[in-house]
Amino acid sequence: MAAGSGVWSGQLLDLLDAAGRAAALTLGVEQVLDSDAVIVWQDKPADEVLLLVTGWARSTSITPSGRVLLHDLHHPGDVLAERPGGPRTATVTAGSTVRLRRIAHCDVRGFLAANPGAGAAWRQSLCPQRRAARRAWWMAPHLPVPRRVARLLLEEHRTFGQDGIPLVRRDLAAMLGRSASTVQAAVSGLREAGAVDVVAGSRRIHIIDVAALRLLAGEPAPVDDLHCPPGAEGCVVCGEGW
């Protein structure tokens, strides 16, 4: 796999130069896990960084009332890091067979010190402000549900592409915080508009007409190069001295 192949598009391994990418792929300990295996548990200490090399995963948490929330999907080339020493905010579960590297925080610091160009890529890939801006684009509560669903599907289509998005309507409902019936009606509307298709038994949503879906989504997503200013306070990456 190499940058430009689309496999790691927009993720850390895509943003690094060739030397930094090669170095990152030697960090820590490699692990291969089957689909549905738990990678890390919510509330356990965040004592390592995870680099997802192949496959995808999902982050979920359990609220005090017992409700399961689906927070995010993690794609090949992505890095998962939380405040060192603090409790993890979510359980991360493999959505497919995954190959990842478990990396100690001290090794991350050594990697960034030895690869001067890697710092900007690291900050951009983890920057909370950047991620929050993209998330707000499809989570905005004032938007009608069909538009929110269209935006969420466009966001995930950026990575999953023609293979289809491996989410059922229940997953979309959990990510949007709406009822499954409301989201199902929105997906049905997108299907009737010819923008998406749901193949029975496939557990995947396929984008049929990207242009139509963009039209239904309204305004475009935030630009990909949006990131924290240098030395930004309150950023788990920039503000913690990574």
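Rules and cut-offs
Residues numbered from 1 in each chain as written. Predicted model: local features only at pLDDT ≥ 70, side-chain atom pairs only at ≥ 80, totals over all residues. Heavy atoms only, no water. Salt bridge = Lys/Arg side-chain N within 4 Å of Asp/Glu carboxyl O. Helix = DSSP H or I, 4+ residues; strand = E, 2+ residues; numbered from the N terminus. Buried < 20%, exposed > 50% of the residue type's maximum accessible area, 1.4 Å probe, protein only. Expected span 1.5 Å × (residues − 1). Phe/Tyr/Trp six-rings, centres within 6.5 Å; stacked < 30°, edge-to-face > 60°. Pairing = 2+ DSSP bridges. Axes fitted to C-alpha atoms, helices over the stretch in contact; angles between N-to-C directions. Parallel < 35°, antiparallel > 145°, perpendicular 65-115°, else oblique. Contact = heavy atoms within 4.5 Å. Nonpolar A, V, L, I, M, F, W, Y, C, P; charged D, E, K, R; others polar.

Caption draft 1: Region of interest: the pattern of salt bridges. For the structure on display, the rule yields six salt bridges. Among the salt bridges present, the one from E30 reaches R99, with a minimum N-O distance of 2.9 Å. Of this pair, E30 sits in strand β1 (residues 29–33) while R99 is found in strand β8 (residues 98–103), placing the two residues 69 residues apart along the sequence. The partly exposed category is assigned to E30, whose relative accessible area is 38%. Overall, R99 belongs to the partly exposed group, its relative accessible area being 27%. We note a salt bridge from D171 to R58, for which the minimum N-O separation is 3.3 Å. With a gap of 113 residues between them, D171 in helix α7 (residues 169–176) and R58 in strand β4 (residues 57–62) connect regions that are remote in the sequence.

Caption draft 2: How the structure looks around helix α6 (residues 145–160). In this model α6 runs 22 Å from its N-terminal to its C-terminal C-alpha over 16 residues, within 8% of the 22 Å that 1.5 Å per residue would give. Taking burial as the measure, the 16 residues of α6 include 12 buried ones, the bulk of the element. When α6 is considered as a whole, its buried residues turn out to be V145, R148, V149, A150, R151, L152, L153, L154, E155, E156, H157 and F160. Two residues or fewer past α6, G161 is found with a positive phi of approximately 60°.

Caption draft 3: Summary view of the packing of aromatic side chains. What the rule picks out here adds up to one aromatic pair. Ring centres of W56 and F160 lie 5.5 Å apart, and the angle between their planes is 85°; on these two criteria the pair is classed as edge-to-face. Pair noted here: W56 is in the loop between β3 (49–54) and β4 and F160 is in helix α6, with a separation of 104 residues, a long-range link. Side by side, W56 and F160 carry an identical accessibility label, which is buried.

Caption draft 4: A look at the sheet that holds β8. Taken together, four strands build an open sheet; the order of strands is β1-β8-β3-β6 and the sheet is antiparallel. Both outer strands of the open sheet, β1 and β6 (79–80), are each paired with one neighbouring strand and no more. Pairing of β1 with β8, which is carried by five bridges, proceeds in the antiparallel orientation. Within β8, the position partnered with E30 by the bridge is R101.

Caption draft 5: Here's a closer look at the packing of α6 against helix α8 (residues 180–192). Between α6 and α8, the least distance of the axes is 9 Å, while the angle of their chain directions is 70°. Here α8 runs roughly perpendicular to α6, going by the angle between their axes. Where α6 abuts α8, its residues V145, P146, V149, A150 and L153 lie against T182, V183, A186, V187 and L190. Here the residues of the contact of α6 with α8 sort into nine nonpolar, one polar and no charged.

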